[in-house]
Amino acid sequence: MHRGWWIMVMENSERKNLILALVLIMIMYFFLYSAVDHGIFASNVYDSYTLQAISWWKGQAHLDKDYSWLELAYYKDRIYVSFPPFPSVIMFLLVPIFGENVPSNLLVTIYTILSFYIVYLFCRRRRNLSDLASLFWAAFVVFGGNLLSISIFGGVWWHAQTLSFLLCVLSLYLITSDKPLHWYLALACWAMSIGCRPFQIVYFPLYLYILHRNLKQQGKHYAHSLKYLIAPAFIGCLYAAYNYIRFDDIFEFGHNYLPEFVEAEYGQFNVRYILQNLPNLFRLPYFKGNRLTFPKFNGFAFYIANPIFIVYYIRLVKSFFSGKASAVKKASLAIILVCSLAHIVLLLAHKTLGGWQFGIRYFIDLIPFLFYSISLSDLKVNRYEIALFAFGLALNIYGTLWLNLGWTY
């Protein structure tokens, strides 16, 4: 009886901690939205996904007219949304309720807060990790970097990234569950994230390795993994079919038909871009008069904009050189390292590194997997990690205001 009472008290205390954290997050967003004068319930003018969803309700893949301020693909005298389509699935469900005025700003904020909650749940599985430590890691992963700066703007680019982030953290939470049903859902979520950010496909070896390890723990043969791949294969076929309907190419999402890339000498992707983009990963902030300012096109130092990269590399080195790390753990660390490096090379091979932005938003896509790597070690919070989180949170709040209030000029 005494033990049951104590568990109830602890659970109640943890619930209060989570509620307090969520209240603080909502207060932060209230002031951010107020400061930048964005309507939290407003439809974003750069919300291409709602336009695509409206077209789907009309039974067509193309748009009825041109929108000069959007990145649209022009192919065979028709106009298409040039981005991977999955976010429009969400919009398709909301269009009957809101029409053209789907609150896209609110959606990206909801995706971000849900990501915080999923990372928190992921951490709570660790029996030796306190509730406050779980809240810390969730806050660091989600609000200690560039995800914060894009989470109040429901434009097509940032909508895709916030939804992809949510789907990736959810897929990692599910694939590391001990329930086989969750493994099906995990791989489906991962496939959906590819429909937001195609380069998430590079992490397939990680999912396959975790799935095989799960099956081995249950005494099942690796061949059983094939049935878990049915959902992602089906989702992939839907992407391919939709691409073919629009562009006669199962691999073409539409960006190659943007005027910017049609007119580019080397197209959208080329190895020549790698050496051009590489220095941008290390550009530093600077002072303009008395104000701290940053390069506003194609990013700046990734480890400053997203300090969790520093934590990742420190813990990675410690894990590899620790005699305590098991072969399974080292294999997971190596897979994530190789996949993330491949991801970075692909990003560098793109003509731009994200255009107008604060920070280097493309690198947000790596963070769920880097945190999974961090979680393979002891998640005890170190003092330097608290300092890095505080720095990242403050910098990205400042950067959000810097970008949206015209402090760049």
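Before reading on, note that the structure itself is shown above.
Read on for a plain summary of the structure. (Residues numbered from 1 in each chain as written. Predicted model: local features only at pLDDT ≥ 70, side-chain atom pairs only at ≥ 80, totals over all residues. Heavy atoms only, no water.)

## Observations concerning the packing of helix H5 (residues 131–143) against helix H14 (residues 308–320)
Okay, so step 1: One way to put it is that H5 packs onto H14 with a least axis distance of 10 Å and a crossing angle of 120°. The orientation of H5 with respect to H14, classified from their angle, is oblique. In this structure, H5 contributes Trp137, Phe140 and Val141 to the contact, and H14 contributes Ile308, Val311 and Arg315. (Axes fitted to C-alpha atoms, helices over the stretch in contact; angles between N-to-C directions. Helix = DSSP H or I, 4+ residues; strand = E, 2+ residues; numbered from the N terminus. Parallel < 35°, antiparallel > 145°, perpendicular 65-115°, else oblique. Contact = heavy atoms within 4.5 Å.)

## Brief notes about the pattern of salt bridges
Okay, so step 1: Evaluated as defined, the whole model comprises five salt bridges.
Okay, so step 2: When the shortest N-O distance is used, the salt bridge between aspartate 131 and arginine 124 registers 3.6 Å.
Okay, so step 3: Judged by relative accessible area, which is 6%, aspartate 131 ranks as buried. (Salt bridge = Lys/Arg side-chain N within 4 Å of Asp/Glu carboxyl O. Buried < 20%, exposed > 50% of the residue type's maximum accessible area, 1.4 Å probe, protein only.)

## Considering the pairing of strand E2 (residues 78–81)
Okay, so step 1: Alignment of strand E1 (residues 72–75) against E2, held across four bridges, turns out to be antiparallel. What sits directly across from alanine 73, in E2, is tyrosine 80.
Okay, so step 2: In textbook terms, the turn of a hairpin is the stretch between consecutive antiparallel strands, and for E1 and E2 this stretch comprises two residues, one of which, lysine 76, has a positive phi near 50°. (Pairing = 2+ DSSP bridges.)

## Comments concerning the layout of surface pockets
Okay, so step 1: Here the second largest pocket defines a volume of roughly 440 Å³.
Okay, so step 2: Lining the second largest pocket are 14 residues, with Arg125, Arg126, Thr176, Arg213 and Tyr372 positioned closest to its centre.
Okay, so step 3: Per-element tally for the lining of the second largest pocket: the top contributor is helix H9 (residues 204–217), with three residues.
Okay, so step 4: In terms of residue class, the lining of the second largest pocket is built from four nonpolar, six polar and four charged. (1 Å grid on protein atoms, 1.4 Å probe; cavity = no way out; pocket = protein on both sides within 12 Å on 5 of 7 lines; lining within 4 Å. Points joined across faces, edges and corners; volume = space filled by probe spheres on them. Nonpolar A, V, L, I, M, F, W, Y, C, P; charged D, E, K, R; others polar.)

## Comments concerning the state of the cysteines
Formally, a disulfide is one covalent bond, and it connects the sulfur atom of one cysteine to the sulfur atom of another.
Okay, so step 1: Enumeration over the complete set of coordinates arrives at zero disulfides.
Okay, so step 2: In this model cysteine 189 remains outside any disulfide bridge; the closest cysteine sulfur is found in cysteine 168, 9.4 Å from its own.
Okay, so step 3: According to the relative accessible area criterion, cysteine 189 is buried, its value standing at 9%.
Okay, so step 4: Summary of cysteine pairing: cysteine 339 is not part of a disulfide, and the nearest cysteine sulfur, belonging to cysteine 168, is at 12 Å.
Okay, so step 5: The class for cysteine 339 is buried, based on a relative accessible area of 5%. (Disulfide = S-S within 2.5 Å.)

## Digging into unusual backbone geometry
Okay, so step 1: For aspartate 37, which is not a glycine, the phi torsion comes out positive at approximately 60°.
Okay, so step 2: Along the chain, aspartate 37 turns up in the loop between helix H1 (2–36) and helix H2 (48–57).
Okay, so step 3: Residues other than glycine seldom take positive phi values, yet aspartate 248 does so here, at roughly 60°.
Okay, so step 4: Position of aspartate 248 among the secondary structure elements: in the loop between helix H10 (230–247) and helix H11 (259–262).

## Some words on helix H7 (residues 156–175)
Okay, so step 1: Given a rise of 1.5 Å per residue, 20 residues ought to cover 28 Å, and the 28 Å separating the end C-alpha atoms of H7 matches this to within 8%.
Okay, so step 2: The buried fraction of H7 is high, at 18 of 20 residues. (Expected span 1.5 Å × (residues − 1).)

## Some remarks on the nonpolar core
Okay, so step 1: Tyr29, Phe116, Trp137, Phe363 and Phe371 are the most contacted members of the largest nonpolar core, which totals 121 residues.
Okay, so step 2: Among the elements that line this core, the one with the most residues is H7, at 13 residues. (Core = buried A, V, L, I, M, F, W, Y, C linked by side-chain atoms within 4.5 Å.)

## A few points about the packing of aromatic side chains
Okay, so step 1: Counted by the stated rule, this structure contains 47 aromatic pairs.
Okay, so step 2: Considering the side-chain rings of tryptophan 57 and phenylalanine 92, the 4.3 Å spacing of their centres and the 10° angle between planes classify their relative orientation as stacked. You can see tryptophan 57 sitting in helix H2 and its partner phenylalanine 92 sitting in helix H3 (residues 86–98), a full 35 residues away along the chain.
Okay, so step 3: What makes tryptophan 57 partly exposed here is its relative accessible area of 48%.
Okay, so step 4: Judged by relative accessible area, which is 25%, phenylalanine 92 ranks as partly exposed.
Okay, so step 5: Between phenylalanine 122 and phenylalanine 371, the aromatic rings sit 6.0 Å apart at their centres with planes inclined by 65°, giving edge-to-face as the arrangement. Linking phenylalanine 122 in helix H4 (residues 104–124) with phenylalanine 371 in helix H16 (residues 367–375), this pair joins segments that are 249 residues apart in sequence.
Okay, so step 6: Judged by its relative accessible area of 13%, phenylalanine 122 is buried.
Okay, so step 7: Between arginine 125 and the ring centre of tyrosine 173, over which it is positioned, the NZ or CZ distance is 4.0 Å. (Phe/Tyr/Trp six-rings, centres within 6.5 Å; stacked < 30°, edge-to-face > 60°. Lys NZ or Arg CZ within 6 Å of the ring centre and 35° of its normal.)

Honestly, it's all geometry; don't read function into it.
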